[in-house]
Structure formats: structure tokens, C-alpha cells
Amino acid sequence: SVSSPADILPDLSTAVRQQRNPQVKAEALSWAASVVSAKPAAMRRDTIKDLADLFLSAVDDGASEVREAACEALGALLAVVGDPVLSLLTDRLDKN
């Protein structure tokens, strides 16, 4: 059982950053979105930043299913932490 989003970060990071199979990346991001939605009270600021960075890196992926799953995960994170917090972390989207 997953107790918090921080618990999934090592495996999620490996799946998103090192996996070459887009389906595996997309499934990992969808799983992350469900964990974030299910465990909102358990997130610390550093966990939020790490998740946002990971999700944002996947938004630039070459595979559409990975980009869509990354946006879904960002949406779940936005729903949990709110726009003001997430906008501080996503300013780099506007710069690209």
C-alpha cells in the first residue's frame, strides 16, 4: 500500500525518466495522478516540487500518450495544491 506521493517518487522517476517504452511512461504518470488525488494531505512542499518537475519534464515527451498522462498528472496536482502554489512551479512552461 502506498502511504504518500513521496513514497512513489523513486519508482516514478525511474519509469518516467529512464523507461523508453511510452506506454510504461504513460501508465506510470496515470498511476501517479491517482496517488496524488487519493493522498492529498500527505504532501510536503519538496514532494510537490519534485512531482511538478517530473510531470513537466514529461509534457515535452515525443509520445502523445505520455504528454496526455503528464497533463492529467499535473491536473491532479493542481486540484490538490491549488493554482497559486503550482503556478510558482510551472513558470518555466511560459518561458518555453
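For the structure, see preceding data.
Below: a short report on this structure. (Residues numbered from 1 in each chain as written. Predicted model: local features only at pLDDT ≥ 70, side-chain atom pairs only at ≥ 80, totals over all residues. Heavy atoms only, no water.)

Next up on the list: the overall build of the protein chain. Looking only at helices and strands, the protein chain has 6 helices and 0 strands in total. Reading the helices (α) and strands (β) of the protein chain from amino to carboxyl end gives α-α-α-α-α-α. Across the 96 residues that make up the protein chain, the buried fraction comes to 39%. The contacts of the protein chain with a sequence gap of at least 6 include a subset with a gap of at least 24, amounting to 70%. (Helix = DSSP H or I, 4+ residues; strand = E, 2+ residues; numbered from the N terminus. Buried < 20%, exposed > 50% of the residue type's maximum accessible area, 1.4 Å probe, protein only. Contact = heavy atoms within 4.5 Å.)

Evaluation of the coordinates by the stated rule reveals 3 salt bridges. For Asp61, the salt bridge is made with Lys25, and the minimal N-O distance between the two is 2.9 Å. You can see Asp61 sitting in the loop between α3 (45-59) and α4 (64-81) and its partner Lys25 sitting in helix α2 (residues 22-38), a full 36 residues away along the chain. Of the charged contacts in the structure, one is a salt bridge between Asp53 and Lys49, with a shortest N-O distance of 2.9 Å. Note that Asp53 and Lys49 are positioned in helix α3 at a spacing of 4 residues, about one turn of the helix. (Salt bridge = Lys/Arg side-chain N within 4 Å of Asp/Glu carboxyl O.)

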